[in-house]
Amino acid sequence: MRQMACAAWLAEMAVAHGVRPETLRVASADASFRRYLRVDTQSGASLIVMDAPPDKENCEPFVKVAQLMKVAGLNAPQVLAWQQAQGFMLLTDLGDHTMMSAID
């Protein structure tokens, strides 16, 4: 059910943000109910789709912190679109180089 809802939302994002829904793939996972997926755009860039079921995850703090980090001049994902009722978010892609890999 969530997969179908995500696909329908991504189809809407294809027009507004140039995403190519057929390129959707897993980007990373964490220890919560959130999933992070990567999707390519028509321009050749990639974006991140956050799938955070609203009955299990509250994304408002994420959005607020991302905005605060941006205002402070820090590198944080930009929220391009947020379908709050279903828990889908389209974010800028900061790449797949993690802090741990940089430290190592």
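Remember, it's a predicted structure, so these values are computed and weren't measured experimentally.

Tell me what's going on with the pattern of salt bridges, and back it up with residues and numbers.
Considering all chains together, one arrives at seven salt bridges under this definition. Residue Glu-22 pairs with Arg-20 through a salt bridge whose shortest N-O separation is 3.2 Å. The class for Arg-20 is partly exposed, based on a relative accessible area of 28%. Between Glu-57 and Arg-34 there is a salt bridge; the shortest N-O distance is 3.1 Å. Taken together, the residues Glu-57 in the loop between β3 (46–51) and α2 (60–71) and Arg-34 in the loop between β1 (25–29) and β2 (35–40) connect sequence positions 23 residues apart. Residue Glu-57 is classed as buried on the basis of its relative accessible area of 13%. Given the relative accessible area of 24%, Arg-34 is considered partly exposed. A single salt-bridge network, built from bridges that share partners, covers Arg-2, Arg-35 and Asp-51.

Which residues make up the side chain of Thr-41, and what are the values?
Here Thr-41 shows up in the loop between β2 and β3. With a relative accessible area of 6%, Thr-41 lands in the buried category. One polar contact links Thr-41 to Ser-43, side chain to side chain, over a distance of 3.0 Å.

Summarise the packing of aromatic side chains; cite the residues concerned and give the values.
Using the criterion set out here, one finds one aromatic pair in the structure. Arranged with centres 5.7 Å apart and planes meeting at 25°, the rings of Trp-9 and Phe-88 form a pair that is stacked. Of the two residues, Trp-9 is situated in helix α1 (residues 2–17) and Phe-88 in strand β5 (residues 88–92); the sequence distance between them amounts to 79 residues. On the basis of relative accessibility, which here comes to 0%, the residue Phe-88 falls in the buried class. Taking the ring centre of Phe-33 as reference, the NZ or CZ of Lys-56 above it sits at 5.6 Å.

The rules we used
- Residues numbered from 1 in each chain as written.
- Predicted model: local features only at pLDDT ≥ 70, side-chain atom pairs only at ≥ 80, totals over all residues.
- Heavy atoms only, no water.
- Salt bridge = Lys/Arg side-chain N within 4 Å of Asp/Glu carboxyl O.
- Buried < 20%, exposed > 50% of the residue type's maximum accessible area, 1.4 Å probe, protein only.
- Helix = DSSP H or I, 4+ residues; strand = E, 2+ residues; numbered from the N terminus.
- Polar contact = N/O pair within 3.5 Å; in protein donor to acceptor, adjacent residues only side chain to side chain.
- Phe/Tyr/Trp six-rings, centres within 6.5 Å; stacked < 30°, edge-to-face > 60°.
- Lys NZ or Arg CZ within 6 Å of the ring centre and 35° of its normal.

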